[in-house]
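# Per-entry structural report
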Amino acid sequence: SAEHNYQHPSPVPGSGAVFLRAGGASDDADARVVLLDLETGVPDTLGVGTRAAFASGYLLVSSADGTLLAQRFDPGARETQGAAVAVLDGVRTAGPGVGEFALAATGLAFQTGAPGAEQLVIEGPGGPAVVPLTTGADFESPTLSPDGRRIAFEVEGDDRGIWIWDRDQRTQQLLLSEARSPVWTSDGSRVAFRSLDEDDGFRIEWVPVVGSAPPETLLAVDFPVHPVSFSPDDAGLALRALRDDDGDIGFL
């Protein structure tokens, strides 16, 4: 809605609800995390923050100052429990002030550093480890595969496109050159993305991570659209769009 300007949905498994960023589109001062009931459409404010995600019983929230907070969360009761604890600082934010972090069962990946000199860091049981990227240090949207083995991210500049870092092989490979906003399928076999080839309108496509099969178009429209997340069975895709200057959340 125009009043709340909801952005960046993140599902809460088994609850019939999603976390959203609510507040001004460009001002982080009034940004807050809300839980939106998908059946009633009623939002419930959980606290101050610019982006939220759920993992292993915890609500993770990024703040405008680059701090990542963790707080126990009961999906059934839809309630936070206890105090929030700072678990990381220096997490880079992208407009509007959204923390650049991604989660998997085996760890956490996040982006840090000043614009044009960013680093990609993996925080796991053995502590933080900087990923030795071979592309330029101007990148966005790191996202972990469900098994935590690979990281997809988008690079700007001469190396523009979506790249894949393999944590086991320690290799970096270009997946697609004219693409952004990577989103993994739940089985980790494909990546959905927004095509930057907009001669025929705006498209969401997907492509296998392994092999040489060409991308397939999932959605073609005449307004900007971005993939957000797949359903657990990969049968549906949440997306966000901009139609007539109004932001929308959709499901394909």
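Our subject is the structure listed above.
Conventions and cut-offs
- Residues numbered from 1 in each chain as written.
- Predicted model: local features only at pLDDT ≥ 70, side-chain atom pairs only at ≥ 80, totals over all residues.
- Heavy atoms only, no water.
- Helix = DSSP H or I, 4+ residues; strand = E, 2+ residues; numbered from the N terminus.
- Buried < 20%, exposed > 50% of the residue type's maximum accessible area, 1.4 Å probe, protein only.
- Contact = heavy atoms within 4.5 Å.
- Phe/Tyr/Trp six-rings, centres within 6.5 Å; stacked < 30°, edge-to-face > 60°.
- Pairing = 2+ DSSP bridges.
- Axes fitted to C-alpha atoms, helices over the stretch in contact; angles between N-to-C directions.
- Core = buried A, V, L, I, M, F, W, Y, C linked by side-chain atoms within 4.5 Å.

## Some points on the side chain of serine 231
- Within the secondary structure layout, serine 231 lies in the loop between β23 (225-230) and β24 (237-243).
- Given a relative accessible area of 15%, serine 231 falls into the buried group.
- With residues up to four places along the chain from it excluded, the contact list for serine 231 reads Ser186 and Gly236.

## So, the packing of aromatic side chains
- Under the criterion given, the structure shown has three aromatic pairs.
- Relative to phenylalanine 73, the ring of phenylalanine 54 has its centre 6.1 Å away and its plane inclined at 70°; by these criteria the two rings are edge-to-face. With phenylalanine 54 in strand β5 (residues 51-55) and phenylalanine 73 in strand β7 (residues 68-74), this residue pair connects regions lying 19 residues apart in the sequence.
- Residue phenylalanine 73 is classed as buried on the basis of its relative accessible area of 4%.
- Through pairs of rings, three or more aromatic residues link up here, namely Phe19, Phe54 and Phe73.

## Quick notes on the sheet that holds strand β22 (residues 216-221)
- Strand order in the open sheet made by the four strands is β19-β20-β21-β22, with antiparallel pairing throughout. Unpaired on one side and paired on the other, β19 (179-184) and β22 mark the two borders of the sheet. Sheet twist, expressed as the mean angle between neighbouring strand axes with direction ignored, is 20°.
- In this structure, strand β21 (residues 202-208) lies alongside β22, joined through five bridges in antiparallel fashion. Looking at β22, one finds that isoleucine 204 is bridged to leucine 219.

## Thoughts on the pairing of strand β20 (residues 190-195)
- With five of its six residues buried, β20 lies for the most part within the structure.
- Pairing between β19 and β20: four bridges, direction antiparallel. Directly across from alanine 179, in β20, lies its bridge partner serine 195.
- Counting the residues in the hairpin turn of β19 and β20 gives five residues, including glycine 188, whose phi is positive at 75°.

## A look at the pairing of β24
- As paired elements, β23 and β24 share five bridges and run antiparallel to each other. Bridge pairing in β24 places valine 225 opposite alanine 241.
- Counting the residues between successive antiparallel strands, the hairpin from β23 to β24 contains six residues, one of them, aspartate 234, with a positive phi of roughly 65°.

## What about unusual backbone geometry?
- The phi dihedral of arginine 170 falls on the positive side, at around 55°, and the residue is not glycine.
- Here arginine 170 is to be found in the loop between β17 (161-166) and β18 (171-176).

## Some details on the sheet that holds β5
- What the four strands build is an open sheet, ordered β5-β6-β7-β8; its pairing is antiparallel. The strands lining the two open edges of the sheet, one partner per strand, are β5 and β8 (79-88). Taking the axes of each pair of neighbouring strands and ignoring which way they run, one obtains an average angle of 25° across the sheet.
- The pairing of β5 with strand β6 (residues 58-62) spans five bridges and is classified as antiparallel. In the strand pairing of β6, phenylalanine 54 is matched with leucine 59.

## With respect to the nonpolar core
- Residues Ile204, Leu219, Val221, Val225, Phe230 and Leu239 are the most contacted members of the largest nonpolar core, which totals 13 residues.
- Those elements that place two or more of their residues in this core are β21, β22, β23 and β24.
- Core analysis: the second largest hydrophobic core is formed by 11 residues, Ile162, Ile164, Leu175 and Ala179 among them.

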